[in-house]
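# Descriptive analysis of the structure
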Amino acid sequence: MTVMNKVAHAARGLGLAAIMLTAAATGPMAQDAKVITMRLSTASFNDAQHEWMKRFAVAIEKNTNGRIKPELFPASQLGSIPRQIEGTQQGSIQAWLGPPEFLVGVDRRFEVLSAPGLFQNDKEAFKVFDDTAFNKAFLDIATNKGLVGAALFYTGPAAYNMRVPTHHLADLKGRKIRVLASQFQTEPLRRLGATGVPMTLGDVLPALQQGTIDGTYGAVSVYNALKFYDAAKYMVETRHAYFYSVTMLSKRWYDGLPTDLQDQIMTTSKQVASEVLPWSLQFLEQSRAAWTANGGEMVTLPEAESKELKEKLASVGDDIVKDKPDMKPMWDMLVAISKR
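Keep in mind that what you see is a predicted model, and the values were worked out from it rather than measured.

## Details of the packing of aromatic side chains
- Considering all chains together, one arrives at 14 aromatic pairs under this definition.
- Between tryptophan 52 and phenylalanine 56 the ring centres are 4.8 Å apart and the planes differ by 10°, which places this aromatic pair in the stacked class. Taken together, the positions of tryptophan 52 and phenylalanine 56, both in helix α3 (residues 48-63) and 4 residues apart, correspond to about one turn of that helix. Comparing tryptophan 52 with phenylalanine 56 shows no difference in burial state: the two are buried.
- Residues tyrosine 154 and tyrosine 244 carry aromatic rings whose centres are separated by 6.1 Å and whose planes lie at 75° to one another, so their mutual orientation is edge-to-face. Residue tyrosine 154 is found in strand β4 (residues 147-162), and its partner tyrosine 244 is found in strand β8 (residues 234-250); the two are separated by 90 residues along the sequence. Summarising the burial analysis for this pair, tyrosine 154 and tyrosine 244 share the class buried.
- Here the aromatic cluster, defined as three or more aromatic residues joined through ring pairs, consists of Phe126, Phe129, Tyr154, Tyr242 and Tyr244.

What follows is the structure, given as structure tokens:
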């Protein structure tokens, strides 16, 4: 074989090798191995939701050997909460975290966890996590609306954060208080002589500063992280209800993932939800201390008034659900959990 023939033969060999490498790089295994971006969005910052995102980002990148690359967008960087939810349904955002009550427009069953009177303390509120059937049913509510539930975790006990002095139950009468878009939150205020004003989180602080609203309903950990103590210093922890957050995945995005990555996302999501619970409890204590250190006031209602509050609100859940048969199975599951 001449030198030229040897060169030509070698070239043909190299060409074949290149074709084989290209085929391998574009085959099914390579498609599975490509880096997949996962954008996670939430409205809050430096709270349990943000902590969940940060922990999940580290864990999922490790557990998938870098095949999933998370990008975190807290503090409503990707728009208002309704826009974040819509983006998740459409697939431009891969995961949204927030209170499930913001999903009422998707399906009103998401608001059942807002019901007052179900649990008497934090420990009782945690019983929700021990019921596998309820967790599955709750997280699967919106699968036909473009959302796949991945995790449910704890935020904290209910509180009214007020800009006006509030030390007694009667001080709430006549007040306008921001709530989530849930009848389980507006009805209790109606029974207390106040008005619930649904409003997205980004609009709350300006509304407090301008006096458009008198207070806001939520957890101290959220409002301390957002430094609301300058605009509304009175934090009245009533503990008549408890707050949770959910992680909802884009179904369009999730369905396009390889099965092993789907499994890993679900497993990691629930592991992180368990891991973030003790952090959340410690963070709540730190938030209460920080609130007072920054000039805020932590208010506890007198025992008789706390009892009166719970008595007035005890029937809210049953009264709402009796006219909504689609909510009853989910509600019955939750009531059964509360009685165990």
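## Considerations on the pairing of strand β7 (residues 215-218)
- Because side chains alternate across β7, one face comprises the buried residues Gly215 and Tyr217, and the other comprises Thr216 and Gly218, equally buried.
- Relative to β7, β4 is paired through 4 bridges, and the arrangement is antiparallel. Residue pairing across strands places asparagine 161 opposite threonine 216, the latter belonging to β7.
- Here strand β5 (residues 176-179) pairs with β7 via 2 bridges, running parallel. Bridged to isoleucine 177 within β7 is glycine 215.

## Quick notes on the confidence of the model for the protein
- With 90% of its residues at a pLDDT of 70 or more, the protein has an overall mean of 91.
- Across residues 1-31 the pLDDT falls below 50, and counting only partners more than four positions away or on other chains, this stretch makes 4 contacts in the model.

## Some points on the nonpolar core
- Counting residues in each nonpolar core, the largest one holds 78 residues, and the members touching the most others are Leu103, Phe138, Tyr160, Tyr244, Trp331 and Leu334.
- The element best represented in this core is β8, accounting for 9 residues.
- In this view, tryptophan 331 contacts Val112, Ala115, Leu118, Phe184, Gly317, Asp318 and Val321; residues no more than four positions away in its chain are not counted.

Reading guide: rules and limits
Here the residue index of a chain counts from 1 through its sequence in written order. A pLDDT threshold of at least 70 governs which residues receive local features in this predicted model, and a stricter bar of 80 or more applies before side-chain atom pairs are shown or counted, although totals over entire chains, interfaces and linings include all residues. Side-chain metrics rest on all non-hydrogen atoms present in the structure, leaving aside hydrogens and water. By convention, a stacked pair of Phe, Tyr or Trp rings (six-membered ring in the case of Trp) has centres within 6.5 Å and planes under 30 degrees apart, an edge-to-face pair has planes over 60 apart, and any other such pair is tilted. The secondary structure listing takes helices from DSSP runs of H or I that are at least 4 residues long and strands from runs of E that are at least 2 residues long, numbered from the N terminus. For each residue, the accessible area found with a 1.4 Å probe, counting protein chains only, is set against the maximum for its type, and the residue is called buried under 20%, exposed over 50%, and partly exposed in between. When DSSP finds two or more bridges between a pair of strands, those strands are recorded as paired. The quantity called pLDDT is the predictor's confidence in a given residue, expressed from 0 to 100. Residue contacts follow a heavy-atom distance rule, with two residues in contact if any of their heavy atoms lie within 4.5 Å. By convention a nonpolar core is built from buried Ala, Val, Leu, Ile, Met, Phe, Trp, Tyr and Cys residues, the set being connected through side-chain atoms within 4.5 Å.

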